[in-house]
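Survey of secondary and tertiary structure
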2 protein chains.
Amino acid sequence: METFGDSWSLLIMRDLLTLGKHTFGEFLRSEERIGPSVLADRLARLERGGIIVRTPSETDARKVTYSATERGIAAIPLLYEAARWGMGGVRMDTDDPWEAVMAMDRDEVLAAWHRAVREGGSLFGGEESAFARLRARERVVR
Amino acid sequence: METFGDSWSLLIMRDLLTLGKHTFGEFLRSEERIGPSVLADRLARLERGGIIVRTPSETDARKVTYSATERGIAAIPLLYEAARWGMGGVRMDTDDPWEAVMAMDRDEVLAAWHRAVREGGSLFGGEESAFARLRARERVVR
DNA sequence: TCATTGACTTTGATCATCATAGTGATTTAC
DNA sequence: GTAAATCACTATGATGATCAAAGTCAATGA
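A brief structural summary. These figures come from a predicted structure and were not determined experimentally. (Residues numbered from 1 in each chain as written. Chains lettered and ligands numbered in written order. Predicted model: local features only at pLDDT ≥ 70, side-chain atom pairs only at ≥ 80, totals over all residues. Heavy atoms only, no water.)

Points about the protein's contact with DNA strand D
Lining the immediate environment of DNA strand D, one finds 19 residues, of which Arg54(A), Arg62(A), Tyr66(A), Arg42(B) and Ala61(B) sit closest. Gly25(A) is positioned with one of its backbone polar atoms (N or O) 2.9 Å from a phosphate oxygen of DNA strand D. Trp8(B) places a side-chain nitrogen or oxygen 3.2 Å from a phosphate oxygen of DNA strand D. Secondary structure elements with two or more residues in the surface near DNA strand D: helix H2 (24–28), helix H3 (36–48) and strand E2 (64–68) of chain A together with helix H3 (36–48) of chain B. It is H3(B) that provides the largest number of residues to the surface near DNA strand D, a total of four residues. (Near = heavy atom within 4 Å. Polar contact = N/O pair within 3.5 Å; in protein donor to acceptor, adjacent residues only side chain to side chain. Helix = DSSP H or I, 4+ residues; strand = E, 2+ residues; numbered from the N terminus.)

Okay, here's the thing in C-alpha coordinates:
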(Lines give C-alpha, C1' and ligand atoms only; values in the text may rest on other atoms or scores of the structure.)
Protein backbone atom coordinates (compact mmCIF):
# COMPACT_ATOMS: atom_id res chain seq x y z
CA MET A 1 0.00 0.00 0.00
CA GLU A 2 2.75 2.41 0.92
CA THR A 3 4.65 1.48 -2.20
CA PHE A 4 1.91 1.65 -4.77
CA GLY A 5 -0.44 4.04 -3.04
CA ASP A 6 1.31 6.68 -5.08
CA SER A 7 0.39 7.21 -8.68
CA TRP A 8 3.89 8.08 -9.85
CA SER A 9 5.46 4.89 -8.52
CA LEU A 10 2.72 2.89 -10.15
CA LEU A 11 3.20 4.74 -13.42
CA ILE A 12 6.94 4.14 -13.35
CA MET A 13 6.39 0.43 -12.82
CA ARG A 14 3.89 0.41 -15.67
CA ASP A 15 6.35 2.11 -18.01
CA LEU A 16 9.07 -0.29 -16.91
CA LEU A 17 7.06 -3.51 -17.12
CA THR A 18 4.70 -2.84 -19.99
CA LEU A 19 6.51 -0.35 -22.21
CA GLY A 20 10.04 -1.48 -21.51
CA LYS A 21 11.32 1.94 -20.54
CA HIS A 22 14.61 1.79 -18.69
CA THR A 23 16.23 5.21 -18.46
CA PHE A 24 15.57 8.44 -16.59
CA GLY A 25 14.90 10.27 -19.83
CA GLU A 26 12.41 7.68 -21.04
CA PHE A 27 10.42 7.85 -17.83
CA LEU A 28 10.58 11.64 -17.98
CA ARG A 29 9.12 11.71 -21.47
CA SER A 30 6.14 9.56 -20.46
CA GLU A 31 2.62 10.62 -21.34
CA GLU A 32 1.85 11.73 -17.83
CA ARG A 33 4.65 14.30 -17.66
CA ILE A 34 6.32 13.59 -14.34
CA GLY A 35 8.76 16.26 -13.17
CA PRO A 36 12.45 15.39 -12.83
CA SER A 37 12.63 15.97 -9.08
CA VAL A 38 9.63 13.77 -8.39
CA LEU A 39 10.94 11.13 -10.77
CA ALA A 40 14.33 11.10 -9.05
CA ASP A 41 12.64 10.80 -5.68
CA ARG A 42 10.40 7.93 -6.77
CA LEU A 43 13.19 6.00 -8.47
CA ALA A 44 15.27 6.30 -5.30
CA ARG A 45 12.36 5.17 -3.20
CA LEU A 46 11.62 2.18 -5.41
CA GLU A 47 15.29 1.27 -5.32
CA ARG A 48 15.44 1.53 -1.54
CA GLY A 49 12.34 -0.67 -1.43
CA GLY A 50 14.11 -3.36 -3.43
CA ILE A 51 11.63 -3.10 -6.28
CA ILE A 52 14.00 -1.83 -8.95
CA VAL A 53 17.79 -1.72 -9.39
CA ARG A 54 19.89 1.14 -10.69
CA THR A 55 22.76 0.13 -12.96
CA PRO A 56 25.16 2.58 -14.62
CA SER A 57 25.61 1.72 -18.29
CA GLU A 58 28.92 0.10 -19.24
CA THR A 59 29.03 1.45 -22.77
CA ASP A 60 27.94 5.03 -22.06
CA ALA A 61 29.06 6.51 -18.74
CA ARG A 62 26.26 9.08 -18.78
CA LYS A 63 23.49 6.55 -18.94
CA VAL A 64 21.87 4.62 -16.15
CA THR A 65 19.37 1.82 -16.60
CA TYR A 66 16.66 0.90 -14.18
CA SER A 67 15.21 -2.60 -14.12
CA ALA A 68 12.80 -4.60 -12.00
CA THR A 69 13.99 -6.93 -9.25
CA GLU A 70 12.19 -10.21 -8.60
CA ARG A 71 10.07 -8.31 -6.11
CA GLY A 72 9.25 -5.79 -8.82
CA ILE A 73 8.44 -8.50 -11.32
CA ALA A 74 6.07 -9.99 -8.76
CA ALA A 75 3.92 -6.89 -9.15
CA ILE A 76 2.92 -7.93 -12.67
CA PRO A 77 -0.39 -9.53 -11.64
CA LEU A 78 -1.21 -6.36 -9.75
CA LEU A 79 -0.59 -4.30 -12.88
CA TYR A 80 -2.63 -6.74 -14.92
CA GLU A 81 -5.64 -6.40 -12.62
CA ALA A 82 -5.23 -2.65 -12.49
CA ALA A 83 -5.31 -2.54 -16.28
CA ARG A 84 -8.32 -4.81 -16.39
CA TRP A 85 -10.17 -2.69 -13.85
CA GLY A 86 -9.17 0.47 -15.65
CA MET A 87 -10.62 -0.80 -18.91
CA GLY A 88 -13.76 -1.75 -17.03
CA GLY A 89 -15.41 -3.76 -19.75
CA VAL A 90 -15.35 -0.75 -22.02
CA ARG A 91 -14.58 -1.62 -25.61
CA MET A 92 -11.90 0.67 -26.98
CA ASP A 93 -10.37 0.43 -30.42
CA THR A 94 -10.45 -3.13 -31.59
CA ASP A 95 -6.75 -2.89 -32.30
CA ASP A 96 -5.85 -1.57 -28.85
CA PRO A 97 -3.14 -3.92 -27.57
CA TRP A 98 -4.57 -4.00 -24.03
CA GLU A 99 -7.89 -5.02 -25.47
CA ALA A 100 -6.19 -7.91 -27.25
CA VAL A 101 -4.32 -8.92 -24.11
CA MET A 102 -7.50 -8.99 -22.05
CA ALA A 103 -9.07 -11.35 -24.55
CA MET A 104 -6.26 -13.85 -24.01
CA ASP A 105 -5.92 -16.41 -21.24
CA ARG A 106 -4.87 -14.72 -17.99
CA ASP A 107 -2.37 -17.36 -16.92
CA GLU A 108 -0.71 -17.46 -20.31
CA VAL A 109 -0.42 -13.69 -20.44
CA LEU A 110 1.08 -13.52 -16.97
CA ALA A 111 3.54 -16.32 -17.71
CA ALA A 112 4.70 -14.75 -20.97
CA TRP A 113 4.92 -11.32 -19.38
CA HIS A 114 6.97 -12.62 -16.44
CA ARG A 115 9.32 -14.38 -18.77
CA ALA A 116 9.75 -11.40 -21.07
CA VAL A 117 10.63 -9.09 -18.19
CA ARG A 118 13.13 -11.56 -16.81
CA GLU A 119 14.82 -11.54 -20.17
CA GLY A 120 15.03 -7.77 -20.19
CA GLY A 121 11.89 -7.19 -22.21
CA SER A 122 8.38 -6.13 -21.29
CA LEU A 123 4.75 -6.69 -22.19
CA PHE A 124 4.54 -4.39 -25.21
CA GLY A 125 7.97 -2.86 -25.66
CA GLY A 126 10.47 -4.05 -28.19
CA GLU A 127 10.65 -6.81 -30.73
CA GLU A 128 10.87 -9.57 -28.15
CA SER A 129 7.82 -8.39 -26.25
CA ALA A 130 5.53 -10.82 -24.48
CA PHE A 131 2.71 -9.44 -26.60
CA ALA A 132 4.46 -10.22 -29.87
CA ARG A 133 5.11 -13.77 -28.74
CA LEU A 134 1.58 -14.29 -27.46
CA ARG A 135 0.22 -13.05 -30.77
CA ALA A 136 2.49 -15.39 -32.68
CA ARG A 137 1.43 -18.35 -30.59
CA GLU A 138 -2.20 -17.41 -31.04
CA ARG A 139 -1.83 -17.69 -34.77
CA VAL A 140 -0.27 -21.13 -34.48
CA VAL A 141 -2.85 -22.56 -32.07
CA ARG A 142 -5.91 -21.48 -34.04
CA MET B 1 -4.53 4.87 -11.99
CA GLU B 2 -6.04 8.20 -11.08
CA THR B 3 -8.52 6.51 -8.81
CA PHE B 4 -6.28 4.16 -6.94
CA GLY B 5 -3.01 5.98 -7.28
CA ASP B 6 -3.87 7.47 -3.95
CA SER B 7 -3.24 5.50 -0.81
CA TRP B 8 -6.27 6.81 1.05
CA SER B 9 -8.75 5.79 -1.64
CA LEU B 10 -7.19 2.36 -1.75
CA LEU B 11 -7.33 2.08 2.03
CA ILE B 12 -10.99 3.10 2.08
CA MET B 13 -11.81 0.43 -0.49
CA ARG B 14 -9.89 -2.11 1.52
CA ASP B 15 -11.80 -1.24 4.67
CA LEU B 16 -15.05 -1.36 2.78
CA LEU B 17 -14.46 -4.61 0.89
CA THR B 18 -12.37 -6.62 3.35
CA LEU B 19 -13.38 -5.35 6.75
CA GLY B 20 -16.96 -4.44 6.00
CA LYS B 21 -16.73 -0.89 7.27
CA HIS B 22 -19.56 1.28 6.07
CA THR B 23 -19.75 4.55 7.98
CA PHE B 24 -17.69 7.72 8.18
CA GLY B 25 -16.82 6.99 11.79
CA GLU B 26 -15.65 3.47 11.03
CA PHE B 27 -13.35 4.64 8.26
CA LEU B 28 -12.10 7.41 10.52
CA ARG B 29 -11.17 4.95 13.25
CA SER B 30 -9.11 2.82 10.87
CA GLU B 31 -5.60 1.77 11.75
CA GLU B 32 -4.03 4.26 9.41
CA ARG B 33 -5.63 7.32 11.04
CA ILE B 34 -6.99 9.27 8.13
CA GLY B 35 -8.11 12.82 8.96
CA PRO B 36 -11.78 13.76 8.62
CA SER B 37 -11.22 16.37 5.93
CA VAL B 38 -9.23 14.01 3.74
CA LEU B 39 -11.72 11.22 4.37
CA ALA B 40 -14.63 13.45 3.34
CA ASP B 41 -12.76 14.46 0.21
CA ARG B 42 -11.93 10.89 -0.78
CA LEU B 43 -15.41 9.56 -0.13
CA ALA B 44 -16.83 12.33 -2.30
CA ARG B 45 -14.30 11.60 -5.01
CA LEU B 46 -15.04 7.86 -4.96
CA GLU B 47 -18.74 8.63 -5.11
CA ARG B 48 -18.31 10.98 -8.04
CA GLY B 49 -16.28 8.26 -9.73
CA GLY B 50 -19.16 5.83 -9.38
CA ILE B 51 -17.15 3.48 -7.20
CA ILE B 52 -19.16 3.82 -4.01
CA VAL B 53 -22.66 5.06 -3.14
CA ARG B 54 -23.68 7.25 -0.23
CA THR B 55 -26.97 6.29 1.38
CA PRO B 56 -28.47 8.08 4.39
CA SER B 57 -29.64 5.56 6.96
CA GLU B 58 -33.41 5.08 7.22
CA THR B 59 -33.46 4.16 10.87
CA ASP B 60 -31.03 6.81 12.17
CA ALA B 61 -31.07 10.13 10.34
CA ARG B 62 -27.57 10.99 11.54
CA LYS B 63 -25.97 7.97 9.96
CA VAL B 64 -24.85 7.50 6.39
CA THR B 65 -23.67 4.24 4.93
CA TYR B 66 -21.22 3.89 2.10
CA SER B 67 -21.21 0.80 -0.06
CA ALA B 68 -19.49 -0.40 -3.22
CA THR B 69 -21.13 -0.12 -6.62
CA GLU B 70 -20.64 -2.85 -9.21
CA ARG B 71 -17.68 -0.85 -10.43
CA GLY B 72 -16.31 -0.82 -6.90
CA ILE B 73 -16.89 -4.54 -6.48
CA ALA B 74 -14.97 -5.08 -9.70
CA ALA B 75 -11.88 -3.83 -7.90
CA ILE B 76 -11.79 -6.96 -5.72
CA PRO B 77 -9.22 -8.81 -7.88
CA LEU B 78 -7.03 -5.73 -7.72
CA LEU B 79 -7.22 -5.73 -3.94
CA TYR B 80 -6.53 -9.44 -3.89
CA GLU B 81 -3.36 -9.05 -5.95
CA ALA B 82 -2.28 -6.06 -3.90
CA ALA B 83 -2.64 -8.14 -0.75
CA ARG B 84 -0.75 -11.01 -2.30
CA TRP B 85 2.06 -8.74 -3.41
CA GLY B 86 2.12 -7.03 -0.04
CA MET B 87 2.57 -10.36 1.72
CA GLY B 88 5.32 -11.17 -0.74
CA GLY B 89 5.71 -14.83 0.12
CA VAL B 90 6.54 -13.90 3.68
CA ARG B 91 5.03 -16.28 6.20
CA MET B 92 3.29 -14.33 8.93
CA ASP B 93 1.39 -15.85 11.83
CA THR B 94 -0.08 -19.14 10.76
CA ASP B 95 -3.44 -17.93 11.98
CA ASP B 96 -3.34 -14.68 10.03
CA PRO B 97 -6.56 -14.66 8.00
CA TRP B 98 -4.85 -13.26 4.87
CA GLU B 99 -2.37 -16.09 5.07
CA ALA B 100 -5.24 -18.57 5.13
CA VAL B 101 -6.93 -16.85 2.22
CA MET B 102 -3.78 -16.96 0.11
CA ALA B 103 -3.55 -20.69 0.65
CA MET B 104 -7.02 -21.17 -0.86
CA ASP B 105 -7.95 -21.36 -4.52
CA ARG B 106 -7.86 -17.90 -6.11
CA ASP B 107 -11.02 -18.28 -8.17
CA GLU B 108 -13.02 -19.63 -5.24
CA VAL B 109 -11.86 -16.82 -2.99
CA LEU B 110 -12.75 -14.19 -5.55
CA ALA B 111 -16.18 -15.73 -6.22
CA ALA B 112 -17.04 -15.95 -2.52
CA TRP B 113 -15.74 -12.46 -1.88
CA HIS B 114 -17.72 -10.99 -4.77
CA ARG B 115 -20.87 -12.70 -3.57
CA ALA B 116 -20.40 -11.62 0.04
CA VAL B 117 -19.97 -7.98 -0.92
CA ARG B 118 -23.02 -8.08 -3.15
CA GLU B 119 -25.01 -9.32 -0.16
CA GLY B 120 -23.77 -6.45 1.98
CA GLY B 121 -20.92 -8.34 3.59
CA SER B 122 -17.18 -8.39 3.01
CA LEU B 123 -14.16 -10.69 2.99
CA PHE B 124 -13.48 -10.76 6.71
CA GLY B 125 -16.09 -8.56 8.38
CA GLY B 126 -19.16 -9.90 10.07
CA GLU B 127 -20.70 -13.30 10.62
CA GLU B 128 -21.63 -13.82 6.97
CA SER B 129 -18.14 -13.03 5.74
CA ALA B 130 -16.73 -14.70 2.66
CA PHE B 131 -13.89 -15.94 4.83
CA ALA B 132 -16.20 -17.69 7.27
CA ARG B 133 -18.00 -19.42 4.44
CA LEU B 134 -14.80 -20.42 2.68
CA ARG B 135 -13.50 -21.88 5.91
CA ALA B 136 -16.71 -23.83 6.44
CA ARG B 137 -16.60 -25.23 2.92
CA GLU B 138 -12.96 -26.15 3.39
CA ARG B 139 -13.90 -28.34 6.33
CA VAL B 140 -16.58 -30.12 4.34
CA VAL B 141 -14.46 -30.78 1.25
CA ARG B 142 -11.51 -32.28 3.10
C1' DT C 1 -33.40 18.37 28.88
C1' DC C 2 -28.95 17.79 28.27
C1' DA C 3 -25.06 15.14 27.10
C1' DT C 4 -23.68 12.33 23.22
C1' DT C 5 -23.24 10.60 18.70
C1' DG C 6 -22.39 11.07 13.91
C1' DA C 7 -21.11 13.33 9.73
C1' DC C 8 -18.84 16.31 8.33
C1' DT C 9 -16.16 21.82 7.94
C1' DT C 10 -12.90 25.12 9.17
C1' DT C 11 -8.44 26.62 10.06
C1' DG C 12 -3.73 27.49 9.99
C1' DA C 13 0.70 25.29 9.80
C1' DT C 14 3.56 22.05 7.51
C1' DC C 15 4.63 19.22 3.70
C1' DA C 16 4.68 17.74 -1.21
C1' DT C 17 4.44 18.83 -6.05
C1' DC C 18 4.98 21.59 -10.00
C1' DA C 19 7.31 23.80 -13.90
C1' DT C 20 11.41 25.73 -15.04
C1' DA C 21 16.11 26.49 -14.99
C1' DG C 22 20.42 24.92 -13.98
C1' DT C 23 24.81 21.60 -13.20
C1' DG C 24 28.36 18.74 -14.40
C1' DA C 25 29.99 14.80 -16.54
C1' DT C 26 30.20 12.59 -20.86
C1' DT C 27 29.78 11.84 -25.88
C1' DT C 28 28.97 13.08 -30.67
C1' DA C 29 29.56 16.29 -34.71
C1' DC C 30 32.35 19.02 -37.29
C1' DG D 1 40.01 19.44 -30.66
C1' DT D 2 36.56 22.33 -29.61
C1' DA D 3 31.59 23.27 -29.50
C1' DA D 4 27.13 21.54 -29.23
C1' DA D 5 24.22 18.05 -27.62
C1' DT D 6 22.86 14.38 -24.34
C1' DC D 7 22.18 12.46 -19.97
C1' DA D 8 21.02 12.06 -15.17
C1' DC D 9 19.97 14.45 -12.16
C1' DT D 10 19.57 19.20 -8.40
C1' DA D 11 17.95 23.69 -7.03
C1' DT D 12 14.24 26.89 -6.60
C1' DG D 13 10.26 29.39 -5.63
C1' DA D 14 5.27 29.29 -6.21
C1' DT D 15 1.21 26.71 -5.70
C1' DG D 16 -1.45 23.05 -3.99
C1' DA D 17 -2.36 19.07 -0.75
C1' DT D 18 -2.30 17.16 4.02
C1' DC D 19 -2.27 17.33 8.84
C1' DA D 20 -4.11 17.60 13.59
C1' DA D 21 -7.19 19.90 16.24
C1' DA D 22 -11.20 22.18 17.12
C1' DG D 23 -15.81 23.43 15.74
C1' DT D 24 -20.69 22.97 13.63
C1' DC D 25 -25.12 21.18 13.49
C1' DA D 26 -28.76 17.99 13.32
C1' DA D 27 -30.51 13.82 15.52
C1' DT D 28 -30.75 10.62 19.27
C1' DG D 29 -30.44 8.43 24.11
C1' DA D 30 -30.54 8.76 29.01
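Structure shown, so let's carry the discussion forward.
A few points about the protein's contact with DNA strand C
Near DNA strand C there are 19 residues, and of these Arg42(A), Ala61(A), Arg54(B), Arg62(B) and Tyr66(B) occur at the shortest range. In DNA strand C, atoms within 4 Å of the protein come from the sugar-phosphate backbone in 69% of cases. Interatomic distance of 2.4 Å between a backbone N/O atom of Ala61(A) and a phosphate oxygen of DNA strand C. The contact in question runs from a phosphate oxygen of DNA strand C to an N or O atom on the side chain of Tyr66(B), over 2.4 Å. When residues of the surface near DNA strand C are assigned to their parent elements, the largest contribution, four residues, is made by H3(A). Class assignment of the residues belonging to the surface near DNA strand C gives a composition of eight nonpolar, five polar and six charged. (Nonpolar A, V, L, I, M, F, W, Y, C, P; charged D, E, K, R; others polar.)

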